[in-house]
Amino acid sequence: MQNPQPDAAVRITYRDAVREALRDALTGNPLVFLMGEDVGRYGGSYAVSKGLLEEFGPERIRDTPLSESAFVGAGIGAALGGLRPIVEVMTVNFSLLALDQIMNNAATLSHMSGGQLSVPIVIRLATGAGRQLGAQHSHSLEGWYAHIPGLRIAVPATIDDARHMLAAALASPDPVLLFEHLYLYNMEGELTPGAAPVDLDHAAIRRPGRDVTLVSYGWSLHKCLAAAQTLSQEGIEAEVLDLRTLRPLDEAAILASVRRTRRAVIVDEGWRSGSLSAEVTTRIVEQAFYDLDAPVARVCTAEVPVPYARHLEEAALPSPAGIAAAVRGVVSRSGSGI
Amino acid sequence: MQNPQPDAAVRITYRDAVREALRDALTGNPLVFLMGEDVGRYGGSYAVSKGLLEEFGPERIRDTPLSESAFVGAGIGAALGGLRPIVEVMTVNFSLLALDQIMNNAATLSHMSGGQLSVPIVIRLATGAGRQLGAQHSHSLEGWYAHIPGLRIAVPATIDDARHMLAAALASPDPVLLFEHLYLYNMEGELTPGAAPVDLDHAAIRRPGRDVTLVSYGWSLHKCLAAAQTLSQEGIEAEVLDLRTLRPLDEAAILASVRRTRRAVIVDEGWRSGSLSAEVTTRIVEQAFYDLDAPVARVCTAEVPVPYARHLEEAALPSPAGIAAAVRGVVSRSGSGI
Amino acid sequence: MSPSAGTTVGRQHGLQLLREMLRIRSFEDRCYRLYGEMKIRGFLHLYNGEEAVAVGAMQVLQPADAIVSTYREHGHAIARGIPMKSVMAELFGKQTGCSRGRGGSMHLFDASRRFYGGNAIVAGGLPVAVGLALADKLQHRTGVTACFFGDGAVAEGEFHESLNLSALWSLPILFLCENNLYAMGTALDRAQAQTDITTKARAYRMEAVAVDGMDVFAVEEAVRSAVDRIRSGGGPALLEMHTYRFRAHSMFDPQLYRDKAEIEAWQKKGPIITLTSRLKSLGLMTEEDYQRLEREAGAEVDAAVQFAESSPWEPVSDLERFVYAEPSA
Amino acid sequence: MSPSAGTTVGRQHGLQLLREMLRIRSFEDRCYRLYGEMKIRGFLHLYNGEEAVAVGAMQVLQPADAIVSTYREHGHAIARGIPMKSVMAELFGKQTGCSRGRGGSMHLFDASRRFYGGNAIVAGGLPVAVGLALADKLQHRTGVTACFFGDGAVAEGEFHESLNLSALWSLPILFLCENNLYAMGTALDRAQAQTDITTKARAYRMEAVAVDGMDVFAVEEAVRSAVDRIRSGGGPALLEMHTYRFRAHSMFDPQLYRDKAEIEAWQKKGPIITLTSRLKSLGLMTEEDYQRLEREAGAEVDAAVQFAESSPWEPVSDLERFVYAEPSA
Ligand SMILES: Cc1ncc(C[n+]2csc(CCOP(=O)(O)OP(=O)(O)O)c2C)c(N)n1
Ligand SMILES: Cc1ncc(C[n+]2csc(CCOP(=O)(O)OP(=O)(O)O)c2C)c(N)n1
Ligand SMILES: [Mg+2]
Ligand SMILES: [Mg+2]
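Calculation notes
Residues numbered from 1 in each chain as written. Chains lettered and ligands numbered in written order. Predicted model: local features only at pLDDT ≥ 70, side-chain atom pairs only at ≥ 80, totals over all residues. Heavy atoms only, no water. Phe/Tyr/Trp six-rings, centres within 6.5 Å; stacked < 30°, edge-to-face > 60°. Helix = DSSP H or I, 4+ residues; strand = E, 2+ residues; numbered from the N terminus. Buried < 20%, exposed > 50% of the residue type's maximum accessible area, 1.4 Å probe, protein only. Lys NZ or Arg CZ within 6 Å of the ring centre and 35° of its normal. Near = heavy atom within 4 Å. Polar contact = N/O pair within 3.5 Å; in protein donor to acceptor, adjacent residues only side chain to side chain. Areas by Shrake-Rupley, 256 points an atom, 1.4 Å probe, with all protein chains shown as cover. Nonpolar A, V, L, I, M, F, W, Y, C, P; charged D, E, K, R; others polar. Donors = N, O, S within 2.8 Å, 3.2 Å for Na, K, Ca; no water. Salt bridge = Lys/Arg side-chain N within 4 Å of Asp/Glu carboxyl O. Least-squares fit on C-alpha atoms with pLDDT ≥ 70 in both. Contact = heavy atoms within 4.5 Å. Pairing = 2+ DSSP bridges. Axes fitted to C-alpha atoms, helices over the stretch in contact; angles between N-to-C directions. Buried area = accessible area lost by both parts, 1.4 Å probe.

**Student:** Talk me through the packing of aromatic side chains; I want residue IDs and the actual numbers.
**Tutor:** Taken as a whole, this structure holds 30 aromatic pairs over all chains when the rule is applied. Between the aromatic rings of Tyr 244 of chain C and Trp 266 of chain C, the centroid separation amounts to 5.0 Å while the plane-to-plane angle is 5°, which identifies the pairing as stacked. In this pair, Tyr 244 of chain C sits in the loop between strand S7 (237-242) and helix H9 (260-268) while Trp 266 of chain C sits in helix H9, placing the two residues 22 residues apart along the sequence. Pair check on accessibility: Tyr 244 of chain C and Trp 266 of chain C agree, each one buried. Geometry around Trp 266 of chain D places Lys 269 of chain D over its ring, the cationic atom sitting 3.7 Å from the centre.

Take a look at the structure:
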């Protein structure tokens, strides 16, 4: 699997795809190194970096103490010093401890220095709920981070993006946060043979449809695809748009799809109020208001610290059934009034 | 001024209004104490707590070291221990260092404990730009904080609210973040004699109008009022709504006003993408879509770390002129298409 | 390193300590199985091997004292006196759980016993503990706040800020560092330039003592003298408990970072084995006594599982309760 | 405390040090006036009294070394060799400023001189400095990163995390703590349980030395021996520079927290006065020399103000430039 035939299709897990991407990056550029808690000896808390320590050694697969602010800041400094650090913050929940470094240094240094500096750091974070980890370990903050100018926010939701987005992130001179949903690590799928390098600027239509646009990213994308299946049996053809990057937003792709379908439902694992779904909705309203046949609808996480108990957690998170219901609501309202 | 006649109108600065509120709280409840960097000997970095150390002593006007995470967390613990802490985080910019305590402890403990615990802490933060303090000292993150379930976010924008919101915050069993815009501290105005105690649930119409609703809060409220002045000379009567609390949002008040005026412009000092303006816009679209005569418009801060140079900073922030222009745009589009 | 070598041990007390440790041990062993049966989900961090720390400490702490713990807190919760059944019900996610099923293994709470959780953010509990101690001090109460955390937490900035605040304000707080040599897969000497945690604590001018965390008597004695000092206004202290985690960090840990030999060596020093043989050799306990204690512990765990199994789920309609305090509350 | 008591001082070098300190002093004094004239806005933190630290340190640091500073960094920037006029233009918010007017007083940058700013978040620069040092080490470069910060920063968690990482990884970094006894209005002993910062540093097994920060020779000597050790692979070090801030914390500080007597006592120990009398008493400098240096410094500041005044503003249309790196960059 280390050297797949360019034209042989490979089945691979999301986890292995990320690991292959890391291996490529480390092999291809001596300035790249991976740093974070338990990325080495332990093999990564989600086993993503397993085996890399043996292959690349402790200097480049660097275990850190529990010091999120310092090792994220050190990644920023290392980037300023000419390296291409990949900093793994085990989960987004712990990144709160490093937010000062991310917002006040990584995101500002290029502008504050009048363009003299750039901070080509890649920060990888596991994100999301769904594993009954409780309130402190189930945050979905990627949309929240997308509020910060100076950062690029990317969310690989497919095997191909898990495999190829890291290279694009490393190629960027700007700080990039890569959010990997912990629910996706075990997802298996086919790696498109010899897939073209991806960029961090474009959304992708994962399922074409004419009746409504489902805008989503990350784990929610797969819930949207499941909902679209169900809906198509009812004769409703949903187009499913994978945002892929939350900052910058591919507004053109969103608007193009919505102008075609004239209806939109935004699905976002963030807490409803102030989630990215609000920004997406607003962009649509600002620029495609007169193209809408119905109000934009949202399916988000309930406004509650995500609880441990399975039935409560499931009730708190977006679900294919909830998405399908929202779509039916939007479709049924169409035409009325306008 | 310590004991104003109930019926005598008093002119007072926003700063003094906050200080009077603090003095009342400290006098009225022995469990209340103020803790933060330089609140004591220095007199508060914005001179808000000046004189309180002499009056209440170092136990209750407690200077802390530069340890935002620890003293905010200590405020949380003190609240659990039966006290009513007022923690001053000198500015919102430094609160990033305490975000883990705020999001993972203050906001979650009540829910995670199944309602056994509550965290009646009040965190005061100076916020905002406009003083040429540069990117790291000019954040407006109150709308961003409003994304977090479990918190209450209040923003006093008037002399009366500066004087009375603290009491409401202290009366709440939930964690409350009070954001004081640093540009308002010197604002002078009349304190309504014997004003009724305020709550943390309702927005307020600061200026009635029939043609468009300007939704705002904090310093931006005053820019909206200035813009409304200008516009009324052009025959456009703008209603100006002061949100007052960003979480929970007074959705009813927003919708009621917009249904009357059928047009809305949201003014928010946050960076445009993902600012609270997006949530407000979305709420309007979700529930008053068919009542709108024009797309909702936004006036926000440019998506750039706020620069030092005055002309650049002014260009980055919402301005009365920019607000007026946005309103004209909305009014002119009305009717067209719909 | 065991200051208790000379202590005279009473039968009652000896059996009491052993009983408590066995209760925790059999609870944890059952949790391990229940996780395999998917009755318990999420992250599960077991306390096997470290029982002497929780049990020794809780002998000293009073009802008016406050406890702040970590995600590896089953032992602390049980030793504090939270009924096993409400803890087990919590792990099952049931309404009868000590956090109504919202917390899970990492978030056990019991306000009535001043047990403030259960924190899944490493070092996240330390500042909260500082505040609890401040509340006692400002209200002139004699309570002491006991704050448990691991060796890994020592690297976090919150450790630094919290120890300084506690020493600076001379707060009634006891920091109990459970040094089990690893933070997940990271050995202490690969995380800390200074591996002697008492030395670090003294840099804040704080009392600090290293303790054999495998010797429940040593723990109890060290905690007693520390708590007495603190209660009488002597200011904060830190105890570094040398202990070891017998099981994996969590249920997802292949343990690539340590070898069997090391684990076995520590198991020989285990708090239960050593206390058992000690009590027997002192003629304070018979094999029958031991069997009985084990049976009783097992029976209590059985009952707890029973209770958890038969308990109701919190209704989904109550999902959003408690996000904000309820008027009643 | 001055290891330089015995050093033989050369005239050239002595005058050079005095010249540098005078350049900073007159720059700062002019800034004070310009703030009153509202030419300079925002927060302004002046370095008066602490000049010996920046000047002494910069004698040792090489072009390949990196500098990380604070919001009180005019002195560091000027001593590092950033042209005074581009610093002054920055304070005016002009396009010709060393940060194109976007940074202001707290955010001076000069990539060509490896001057990485200018950080307005207390202790926010320390982790970045750690990373710069790591970059040198991993690329087998001989650079040393010098990180300036104040006594107040020592209380922040980032100090703790950064010192530990540096010592743990044996990084080529020099921590320069400017202990001027106050963090805004908070005296060190009301912020730190342990006021000896070298003791704190040693708790990370880091080399640490206290230095008379008012004696430019002492500073230079201490920095030289520390940097030599670090460059030769000896690992990180911390120098605690005992100094004092002659002016208010910023332009909004009524200085309620310290009395005139204390300030005057320190002014007598001021780095410029003491060096001046020392050079004179050693017969290495005449009053004329001194007058000339002061005149030259003043003239340089005049020219800098001239330059700033006559410089253009960045066009508003360029507001959003540099938020993301430009293709060209
Ligand atoms: C701030 C933070 N970073 C990372 C983690 C992930 N994590 C959970 S436990 C752990 C190791 C903690 O080790 P230690 O403090 O020694 O406690 P132990 O598990 O050994 O009892 C880590 C890294 C976390 N929960 N919180
Ligand atoms: C994280 C953070 N908290 C608070 C502040 C506000 N503040 C600016 S300077 C300062 C005092 C810093 O003192 P010290 O580190 O000793 O440096 P000095 O000003 O004495 O040079 C404070 C509290 C800040 N800028 N950053
Ligand atoms: Mg450990
Ligand atoms: Mg200082």
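**Student:** I'd like a description of the site of ligand 2, backed by residues and values.
**Tutor:** Taken together, 22 residues sit near ligand 2, with Glu 68 of chain B together with Tyr 71, Arg 72, Ala 120 and Gly 152 of chain D positioned nearest. More than one chain approaches ligand 2, the contributing ones being chains B and D. Note that an oxygen atom of ligand 2 is positioned 2.9 Å from one of the side-chain N or O atoms of Arg 72 of chain D. Within the backbone of Ala 153 of chain D, one N or O atom sits 3.2 Å away from an oxygen atom of ligand 2. The protein chains hide 97% of the 580 Å² of surface that ligand 2 would expose on its own. For the shell around ligand 2, the class distribution of residues is twelve nonpolar, five polar and five charged.

**Student:** Please set out the coordination of the magnesium ion (ligand 4) residue by residue, giving values where relevant.
**Tutor:** Residues and elements named next belong to chain D. Those protein atoms acting as donors to the magnesium ion (ligand 4) are Asp 151 (OD), Asn 180 (OD1) and Tyr 182 (O), and they sit at 2.0 to 2.1 Å. Spacing between the donor residues of the magnesium ion (ligand 4) along their common chain follows D-x28-N-x1-Y. A residue is classified by how much of its surface remains accessible, and Asn 180, at 6% relative accessible area, is buried. What makes Tyr 182 buried here is its relative accessible area of 9%.

**Student:** Any chance you could break down the pattern of salt bridges for me, citing the residues and the numbers?
**Tutor:** Oppositely charged side chains can pair when the atoms bearing their charge come close. Counting across every chain of the model gives 96 salt bridges over all chains. Two residues, Arg 23 of chain D and Glu 300 of chain D, come together in a salt bridge whose shortest N-O distance is 2.7 Å. Taken as a pair, Arg 23 of chain D in helix H1 (residues 11-36) and Glu 300 of chain D in helix H11 (residues 287-310) lie far apart in primary sequence, 277 residues in all. Look at the salt bridges and you will find they share partners, linking Glu 251, Glu 279, Arg 283 and Glu 286 of chain A together with Arg 272 and Arg 298 of chain B into a network.

**Student:** Tell me about the relation of the copies chain A and chain B, residues and numbers included.
**Tutor:** Think of it as a corkscrew move, a rotation about one axis and a shift along it, taking one chain copy to the other. Superposing chain A onto chain B takes a rotation of 180° combined with a translation of 0.0 Å along the rotation axis, leaving an RMSD of 0.0 Å. Taken together, the rotation and translation describe the operation of a two-fold axis. Within chain A, Ala 278 of chain A has its C-alpha nearest the rotation axis, a separation of 2.6 Å. Interface residue correspondence from chain A to chain B reaches 100%, placing this contact among same-surface, isologous pairings.

**Student:** Before we move on, can you summarise the sheet that holds strand S10 (residues 212-216) of chain A with the specific residues and values?
**Tutor:** All names here are of chain A. Pairing is mixed in the open sheet, where five strands are placed in the order S9-S11-S10-S13-S14. Looking at the sheet topology across the chains shown, the edges are occupied by strand S9 (204-207) and strand S14 (297-301). With direction set aside, neighbouring strand axes in the sheet form an average angle of 25°. With three bridges connecting them, S10 and strand S13 (residues 264-271) associate as parallel partners.

**Student:** Requested: an account of the interface of chain B and chain D, with residues and values cited.
**Tutor:** On the side of chain D, 42 residues touch chain B, which itself brings 31 residues to the contact. Together, the buried faces of chain B and chain D total about 3,100 Å²; carbon and sulfur atoms form 63% of this surface. Taken as a group, Tyr 42, Leu 66 and Tyr 308 of chain B account for 26% of the area that chain B buries against chain D, more than any other trio of residues on that side. Across the chain B-chain D interface, the total number found is one salt bridge. Residue Arg 190 of chain D pairs with Asp 63 of chain B through a salt bridge whose shortest N-O separation is 3.3 Å. At the boundary of chain B with chain D, the tally comes to 13 residue pairs in polar contact (both at pLDDT 80 or more). Classifying every residue of the side of chain B that touches chain D by side-chain character gives 17 nonpolar, six polar and eight charged.

Any functional reading would require information that these geometric values do not contain.
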